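# Understanding the architecture of this molecule
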Amino acid sequence: MHPPVTPQQLGTVRVFTQRFSSTALGARLARHLALHQLHAWDVPHGSEASDTAALIVAELAANAVTHGRVPGRDFELRLTRTPATLRIEVSDTRGERRPPGPGDVHPPAALDGAGRGLMLVDALADRWSVLDRVPVGKTVRAELDLGSGEP
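Residues numbered from 1 in each chain as written. Predicted model: local features only at pLDDT ≥ 70, side-chain atom pairs only at ≥ 80, totals over all residues. Heavy atoms only, no water.

### Details of the packing of helix α1 (residues 24-40) against helix α2 (residues 48-67)
Packing of α1 against α2 leaves a shortest axis separation of 9 Å and a crossing angle of 155°. In terms of orientation, α1 lies roughly antiparallel with respect to α2. For the pair α1 and α2, the sense of crossing is right-handed. For the pair formed by α1 and α2, the contact residues are Ala-24, Ala-27, Ala-30, Arg-31, Ala-34, Leu-35 and Leu-38 on the first element and Ser-50, Ala-53, Ala-54, Val-57, Ala-58, Ala-61, Ala-62 and Val-65 on the second. Each residue belonging to the contact of α1 with α2 can be placed in one class, and the counts come to 13 nonpolar, 1 polar and 1 charged. (Axes fitted to C-alpha atoms, helices over the stretch in contact; angles between N-to-C directions. Helix = DSSP H or I, 4+ residues; strand = E, 2+ residues; numbered from the N terminus. Parallel < 35°, antiparallel > 145°, perpendicular 65-115°, else oblique. Left-handed = near helix turned anticlockwise from the far one by under 90°. Contact = heavy atoms within 4.5 Å. Nonpolar A, V, L, I, M, F, W, Y, C, P; charged D, E, K, R; others polar.)

Set out below in structure tokens:
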């Protein structure tokens, strides 16, 4: 008797991880490098997936710099690309300042100059969550469905 065959997902899993300084320049660089990496992974500049990913990376990196900054500590961007999904994760070391999760994001007051970033993530991502980061901190994860037609 032979053991049952477990179906495996076809395709390659690609991963990009980089740490950035918790500054506005670090957040901007994270967005630029994410777009460059996605283009190298056959998600071309100017495509819907690339533009959506750029907005999500920009918002999550800005939040990490603004709300998750600990002096002397970096934030981390991790992109994971499968044939059907792009996962964007931004981690910082400030675990006690957790943002609201999916379903708990509320619009800011009309005259507030901030507070719309997670509303964008909520609107653009197919799924997202806030996770504990080991050993310290938090990770905000957003996923985009790319469809089976992408490499």
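Still more ground to cover, so stick around.
### Considerations on the sheet that holds strand β5 (residues 138-145)
The pairing of strands in a sheet comes from backbone hydrogen bonds and takes either a parallel or an antiparallel form. Strand order in the open sheet made by the 5 strands is β1-β2-β3-β5-β4, with antiparallel pairing throughout. Two strands bound the open sheet, and with one partner strand each, they are β1 (14-20) and β4 (127-132). Between one strand and the next, the sheet's axes are offset by a mean angle of 15°, whatever the strand orientation. Inspection of the sheet shows strand β2 (residues 75-81) paired to strand β3 (residues 85-92) by 6 bridges, in the antiparallel sense. (Pairing = 2+ DSSP bridges.)

### Topic: the nonpolar core
Leu-60, Phe-75, Leu-77, Leu-79, Ile-88 and Trp-128 are the most contacted members of the largest nonpolar core, which has 31 residues in total. Counting only elements with at least two residues in this core, the list comes to β1, α1, α2, β2, β3, α3 (117-124), β4 and β5. In terms of residue count, the dominant contributor to this core is α2 (8 residues). With sequence-adjacent residues up to four places away left out, Leu-77 is seen in contact with Phe-16, Thr-17, Gln-18, Phe-20, Ala-30, Ala-34, Val-57, Ile-88, Glu-89 and Val-90. (Core = buried A, V, L, I, M, F, W, Y, C linked by side-chain atoms within 4.5 Å. Buried < 20%, exposed > 50% of the residue type's maximum accessible area, 1.4 Å probe, protein only.)

### Side note on unusual backbone geometry
The omega angle of the peptide bond from Val-134 to Pro-135 is 10°, so this bond is cis rather than trans. One can find Pro-135 in the loop between β4 and β5. A positive phi angle, close to 65°, is found at Asp-42, a residue other than glycine. Secondary-structure assignment places Asp-42 in the loop between α1 and α2.

### A word on the environment of Val-136
Summarising the element assignment, Val-136 is placed in the loop between β4 and β5. Excluding residues that lie within four positions of it along the chain, Val-136 makes contacts with Arg-73, Asp-92 and Thr-93.

### What to know about α1
The end-to-end C-alpha distance of α1 is 25 Å, a good match for the 24 Å that 17 residues give at a rise of 1.5 Å each. Where α1 is concerned, the buried positions are Gly-26, Ala-27, Ala-30, Ala-34, Leu-35, Gln-37 and Leu-38. Asp-42, located one to two residues past α1, shows a positive phi value of around 65°. (Expected span 1.5 Å × (residues − 1).)

### Digging into the pattern of salt bridges
Overall, the coordinates contain 7 salt bridges when judged by the stated rule. We note a salt bridge from Glu-76 to Arg-19, for which the minimum N-O separation is 3.5 Å. With Glu-76 in strand β2 and Arg-19 in strand β1, this residue pair connects regions lying 57 residues apart in the sequence. For Glu-76, a relative accessible area of 16% gives the class buried. The class for Arg-19 is exposed, based on a relative accessible area of 52%. Lys-138 is the partner of Asp-92 in a salt bridge, and the nearest nitrogen-oxygen pair spans 2.8 Å. Within this pair, whereas Asp-92 is found in strand β3, its partner Lys-138 is found in strand β5, the two being separated by 46 residues in sequence. By relative accessible area, Lys-138 is classed as buried at 4%. Taken together, the shared-partner salt bridges in this structure form one network comprising Arg-87, Arg-127, Glu-143 and Asp-145. (Salt bridge = Lys/Arg side-chain N within 4 Å of Asp/Glu carboxyl O.)

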